Amino acid sequence: MRHYAVILAAGAASRMGQCKAVLPLPFADGARCALETLAGLYAFCGHCFVVTGHHAGLLEPLAPAWGLRPVRNPRPEDGMFSSLCAGLRAVLEQAAADGCPAGQGVVFVHPVDVPLTRSLTVQALLRAAAVCPDTALQPVFGTEPGHPVCLPLSLVPAILDHDGEEGLRGALAKVPCRQVPVADSAMLLDMDTPAQYAHLQARAACHGALTREEAEALLLQAGVPEQGLRHALAVGLVAEALCAALAAARREDDPVERALALAAGLTHDIRKGAHGHEAAGGRLLARLGLPRMAGIVAAHRDQSVPAEKKLGAHELVYLADKYCRGGNWLPIMRRFGQKLEEFGADPEARAGIEGRRDRALALEGRLAAELGQDPARLAREALAAADVAARAQALDATRRLWAPVGGFPAEDV
């Protein structure tokens with residue numbers, strides 16, 4: 001299967017007042033503009049085109065450095081569908097030059113002002129394309145459609161024949177089209193106005209962490225049962241509460257760390273049942289383009305924290321997991337006491353359990369000293385104020401809404 005991409009960047013950006021494609025976004029690993037961000041998202045494609053128009057003089061010199069081939073829309077004032085057609089014609093020409101049959105290629109269509117779409121969305125569309133040939137695919141979060149649209153090359157001529165009424169939406173209404181559930185609300189967010197841009201800047205800073213709703217959706221897509229959802233919700237809730245308390249004690253607000261604590265807490269057992277589920281969960285999240293969450297999930301079973309290391313989401317998710325048995329609070333000594341009752345007759349198992357217990361207690365003591373209060377009490381109060389069982393049941397009732405098309409990434413071998 002050959003992959004192509006068309007990024008639409010020909011608009012005048014009259015409501016924004018400046019070219020949206022080059023507006024910087026503050027990602028954790030450095031600022032990147034919208035166009036460069038999308039170029040990176042589609043770097044796996046054999047050819048990635050950017051359709052230019054009103055800001056062609058600014059964008060076309062920049063495009064090659066990001067692996068993009070500019071295509072000029074001579075009449076951008078005719079609207080986005082005219083830019084789409086210009087891009088799709090360039091794709092068909094390239095596919096012919098590549099010797100790519102219509103049934104063996106897809107093209108992603110992506111407006112430049114929706115720059116926060118995650119890799120996991122593109123991956124979901126590719127899995128769906130493998131089982132839904134000759135079908136246009138559109139990602140949805142819940143029931144709301146977003147970007148990109150994935151078109152098989154076989155449907156491109158029909159899209160080009162469309163009269164332009166209602167743009168791409170009208171064209172999709174005339175061809176086979178299927179919605180693909182994804183755990184990515186960021187692919188809904190555009191930046192037509194300064195206020196929307198400000199919102200995207202805030203989301204970009206936390207882009208390495210799924211939101212609560214996204215993480216919950218990912219758990220459902222992974223097939224986590226209701227009992228697992230209860231534990232996931234409890235750990236996420238406690239990790240977030242501990243992170244908020246630590247930020248307050250330090251008199252500093254770190255929304256990125258708090259977002260990571262919540263998201264990694266929710267997804268820490270996403271591969272529960274697999275051999276070495278901690279590492280397996282980390283590998284899954286890394287493949288989905290969430291490396292910071294992956295590192296926390298992979299390390300949640302046991303940690304020895306150096307004295308010089310500043311406590312953060314890594315340590316707080318680990319400790320939160322020790323406070324939660326299912327969806328209920330449990331003190332560390334009782335949790336490990338239960339483990340010793342069950343496995344303590346085996347000297348090797350007993351030594352391992354006692355070692356993990358002592359390391360957890362050491363971290364608890366260190367956190368208590370920095371907080372000036374008992375983290376176990378904070379964890380208990382956070383769970384007492386929430387009904388994780390009811391939330392888990394409510395999520396479980398929406399499971400069908402999130403059923404992945406083409407399956408969920410397979411377990412590592």
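Attention here is on the structure that accompanies the text.

### Examining the packing of aromatic side chains
Piece 1. Taken as a whole, this structure holds four aromatic pairs when the rule is applied.
Piece 2. Ring plane angle 65 degrees and centroid distance 5.1 Å describe the contact between Phe-141 and Trp-402, whose orientation is recorded as edge-to-face. Of this pair, Phe-141 sits in strand S7 (residues 136-141) while Trp-402 sits in the segment after helix H17 (388-396); the two residues are 261 residues apart in sequence, bridging distant segments of the chain.
Piece 3. Overall, Phe-141 belongs to the buried group, its relative accessible area being 15%.
Piece 4. The exposure class of Trp-402 is buried, given its relative accessible area of 9%.
Piece 5. One aromatic cluster is present, formed by Tyr-42, Phe-44 and Phe-108 through successive ring pairs.

### Observations regarding unusual backbone geometry
Piece 1. Each neighbour pair has its own omega, and for His-147 with Pro-148 the value is 15 degrees, a cis peptide bond.
Piece 2. Of note, Pro-148 is situated in the loop between strand S8 (144-145) and strand S9 (149-152).
Piece 3. Of note, the phi angle at Ala-13 is positive, near 55 degrees, even though the residue is not glycine.
Piece 4. Looking at the element boundaries, Ala-13 is found in the loop between strand S1 (2-9) and strand S2 (24-27).

### Some details on the nonpolar core
Piece 1. Core analysis: the largest hydrophobic core is formed by 112 residues, its most contacted members being Leu-35 and Phe-108.
Piece 2. When residues of this core are assigned to their parent elements, the largest contribution, twelve residues, is made by helix H9 (residues 226-250).
Piece 3. Not counting residues within four places of it along the chain, the set of residues in contact with Phe-108 comprises Tyr-4, Ala-5, Val-6, Tyr-42, Phe-44, Cys-45, Val-122, Leu-125, Leu-126, Pro-148, Val-149 and Cys-150.
Piece 4. Residues Val-6, Val-107, Val-109 and Val-149 belong to the second largest nonpolar core, which totals 29 residues.

### Considering the side chain of Glu-216
Piece 1. Secondary-structure assignment places Glu-216 in helix H8 (residues 212-221).
Piece 2. Residue Glu-216 is classed as buried on the basis of its relative accessible area of 3%.
Piece 3. Those residues within four positions of Glu-216 in sequence are excluded, and the remaining contacts are Leu-233, Arg-391 and Leu-395.

### Concerning the pairing of strand S6 (residues 105-111)
Piece 1. Across the seven residues that make up S6, a large majority, seven, are buried.
Piece 2. Side chains of S6 alternate between two faces, with Gly-105, Val-107, Val-109 and Pro-111 and Val-106, Phe-108 and His-110 buried alike.
Piece 3. Here four bridges tie S6 to S9, and the two strands are oriented antiparallel to one another. Bridge pairing in S9 places Phe-108 opposite Cys-150.

Reading the values: the criteria
Residues numbered from 1 in each chain as written. Predicted model: local features only at pLDDT ≥ 70, side-chain atom pairs only at ≥ 80, totals over all residues. Heavy atoms only, no water. Phe/Tyr/Trp six-rings, centres within 6.5 Å; stacked < 30°, edge-to-face > 60°. Helix = DSSP H or I, 4+ residues; strand = E, 2+ residues; numbered from the N terminus. Buried < 20%, exposed > 50% of the residue type's maximum accessible area, 1.4 Å probe, protein only. Core = buried A, V, L, I, M, F, W, Y, C linked by side-chain atoms within 4.5 Å. Contact = heavy atoms within 4.5 Å. Pairing = 2+ DSSP bridges.

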